[in-house]
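Topology and contacts: notes
Take a look at the letters that make up each chain.
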Amino acid sequence: MPETVDDGVSVMNSPQIFQKLGKRAARTIFGLIGGIGAWILIEPFVTDTAQSISELFTESAPQSSLAMWALGCALIGISIVGLEELVWGNKKRAIHGAIIAGLVGFFGGGMSQIIGSLIWFKVFGPIVLSFGGNELMQYCWLIIARSFTWALMGGIIGLSLGIVRKSLKGSINSAIGGVLGGLTGGVLFDTIAPFFGMLLSFGLIEAGWASRSIGLMLIGALIGLFSTIAEQLLSPATLKVISSGRMEGREFVLDKPILTMGRDERCDISLYYDDEILMRHALLQWCGDGYVITPQGNAKIFANNLPVVSKKLEDGDVITVGKTRLLFRKRRMTSVSATSSGRMCEVCGTINRAGAKYCRNCGSSLTKL
């Protein structure tokens, strides 16, 4: 059902299913969709040839196209980032994030394919060939090699998720999750995927297409799932929208020393749908062992229904800005590696480097935080 906001514009509510399932399940589905897209893109250029495991590790064996591998990585990253924003309605952020994720995925994916191919043939190849006719050992090493190369791809896709948010810590955390997702996907690709591929093809035709489709869907879904789990578990805190409305269920990971909150789509916590929120409404700063929230300008902030000028947030606090309520959850004691010595422009709210004298966005003079 469409929802009408105060400015009279009719927009679509976030799908109820994603509000109920949460971020982990949503990103898993988005990654799976990206995996389907990658398979549709790559499959027409793949030719099935009957090969033994030994032949797969000889340098004369057919190799994945560099461009196809890069585009596959880009599609999964675009799907996870872009669809997450589209579900909660911000098309501009979806396009911006998808472009960044796509570029990182494309160039990083191409680089991971080059590195992966070198290691596949130069490192794992001699090991596999050394076992001669021992197919069981060769099969085990095939799984290890596949998991390693797919872990590289998963790490690149995970890295792009943090880069989109301009978070160093977030990039590292999501890359760790992406690596775990890739490793798991690599194992399943050579174990479960062939079995289901045979079922889909009814055992009558070559099952490679079905195995690849299932394998790519699995790796997309697992990268989406594990990167989200890593972000959530390794970040100091999160803010989750709990008020009814189009962004209900949206969770923001807090893993930067300075975060902006407001209606401006460039804010780290962008609550663009609520016209009672200022363009730059609040600032969250890491202060050694937790986040402190401070209103900007004449903005009003309520914590647990009480007005605040500045408050150190505690686990379970409910923050109200405009018509929006957010639940603050503090994780285990985790420090934010960067310092909070950056400079924020008082005119547009852009965070600049510590030594900057003028805002990189609007050119205004800066004052040190």
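Things to note about unusual backbone geometry
Backbone geometry places K166, a non-glycine residue, at a positive phi of 55°. Among the secondary structure elements, K166 is positioned in the loop between α6 (135–164) and α7 (168–189). Look at K166 and you get exposed, because its relative accessible area is 57%. In the Ramachandran plot, N305 falls in the positive-phi region, its phi being about 70° despite a non-glycine side chain. Here N305 lies in the loop between β9 (301–303) and β10 (306–308).

Some words on the environment of I319
Locating I319 in the fold gives a position in strand β12 (residues 318–321). The spacing of I319 and N304 is 15 residues in sequence and 6.4 Å in space, taken between C-alpha atoms.

A look at the sheet that holds strand β5 (residues 258–262)
The strand order β6-β5-β7-β8-β11 describes an open sheet built from 5 strands, whose pairing is mixed. Edge positions in the sheet fall to β6 (269–270) and β11 (311–312), since each has one partner strand and no second.

Structural notes on the sheet that holds β12
On the basis of which strands lie adjacent, the open sheet formed by 6 strands has the order β4-β3-β13-β12-β9-β10 and antiparallel pairing. Because the sheet does not close on itself, it has two edges, and the strands there are β4 (251–254) and β10. With strand direction ignored, the average angle separating the axes of adjacent strands in the sheet is 30°. Pairing of strand β3 (residues 237–241) with strand β13 (residues 324–330) involves 5 bridges; the strand directions are antiparallel.

A word on the packing of helix α4 (residues 66–87) against helix α5 (residues 91–130)
Relative orientation of the contacting elements α4 and α5 amounts to 155°, with a least axis distance of 7 Å. If you check the angle between α4 and α5, you find them roughly antiparallel. Seen from above, α4 lies across α5 with right-handed handedness. A class-by-class count of the residues in the contact of α4 with α5 yields 15 nonpolar, 9 polar and 3 charged.

What about the nonpolar core?
Membership of the largest hydrophobic core comes to 46 residues, with the highest contact counts inside it found for L254, M261, I269, L271 and L284. With 6 residues, α4 is the largest single contributor of residues to this core. Setting aside residues up to four positions removed in sequence, L254 forms contacts with S235, P236, A237, T238, L239, L259, I269, L284, Y291 and F328. Within the second largest apolar cluster, 9 residues are counted, among which are I53, F57, I119 and W120.

Overview of helix α2 (residues 23–42)
In this model α2 runs 28 Å from its N-terminal to its C-terminal C-alpha over 20 residues, within 8% of the 28 Å that 1.5 Å per residue would give. Among the residues of α2, K23, A26, R27, F30, G31, G34, G35, A38 and I42 are the ones counted as buried.

What to know about the side chain of S235
Here S235 lies in the loop between α9 (208–234) and β3. The exposure class assigned to S235 is buried, which follows from its relative accessible area of 0%. In this structure the side chain of S235 is engaged in a polar contact, spanning 2.9 Å, whose partner is the backbone oxygen of E231. Among the polar contacts listed, one links the side chain of S235 to the backbone oxygen of Q232, at a separation of 3.3 Å.

A closer look at the packing of α2 against α4
It is at 8 Å that the axes of α2 and α4 come closest, and there the two elements cross at 145°. Helix-helix and strand crossings are classified by hand; for α2 and α4 the assignment is right-handed. Within the contact between the two elements, α2 uses K23, R27, F30, G31, I33, G34, G35, G37, A38, L41 and I42 and α4 uses M68, L71, G72, L75, I76, S79, I80, L83, E84 and V87. For the contact of α2 with α4, the per-class residue count stands at 12 nonpolar, 6 polar and 3 charged.

Let's talk about the side chain of S174
Structurally, S174 can be placed in helix α7. Accessibility expressed as a relative area gives 0% for S174, which makes it buried. Among the polar contacts made by the side chain of S174, one reaches the main-chain carbonyl oxygen of G158 at a distance of 2.5 Å. Of the polar contacts made by the side chain of S174, one reaches the backbone oxygen of G170; its length is 2.8 Å.

Regarding a nonpolar patch on the surface
A surface patch of nonpolar side chains, amounting to about 450 Å² of accessible area, comprises L21, I29, L32, I33, I36 and I40. At 5 residues, α2 tops the list of elements feeding residues into the nonpolar patch. Tracing the sequence through the fold places L21 in helix α1 (residues 16–21). With relative accessibility at 43%, the residue L21 sits in the partly exposed group.

What counts as what
Residues numbered from 1 in each chain as written. Predicted model: local features only at pLDDT ≥ 70, side-chain atom pairs only at ≥ 80, totals over all residues. Heavy atoms only, no water. Helix = DSSP H or I, 4+ residues; strand = E, 2+ residues; numbered from the N terminus. Buried < 20%, exposed > 50% of the residue type's maximum accessible area, 1.4 Å probe, protein only. Pairing = 2+ DSSP bridges. Axes fitted to C-alpha atoms, helices over the stretch in contact; angles between N-to-C directions. Parallel < 35°, antiparallel > 145°, perpendicular 65-115°, else oblique. Left-handed = near helix turned anticlockwise from the far one by under 90°. Nonpolar A, V, L, I, M, F, W, Y, C, P; charged D, E, K, R; others polar. Core = buried A, V, L, I, M, F, W, Y, C linked by side-chain atoms within 4.5 Å. Contact = heavy atoms within 4.5 Å. Expected span 1.5 Å × (residues − 1). Polar contact = N/O pair within 3.5 Å; in protein donor to acceptor, adjacent residues only side chain to side chain. Patch = residues over 30% accessible without salt bridge, like charges linked within 9 Å, V, L, I, M, F, W, Y side chains within 5 Å. Areas by Shrake-Rupley, 256 points an atom, 1.4 Å probe, with all protein chains shown as cover. Salt bridge = Lys/Arg side-chain N within 4 Å of Asp/Glu carboxyl O.

By themselves, these figures tell us nothing about what the structure is for.
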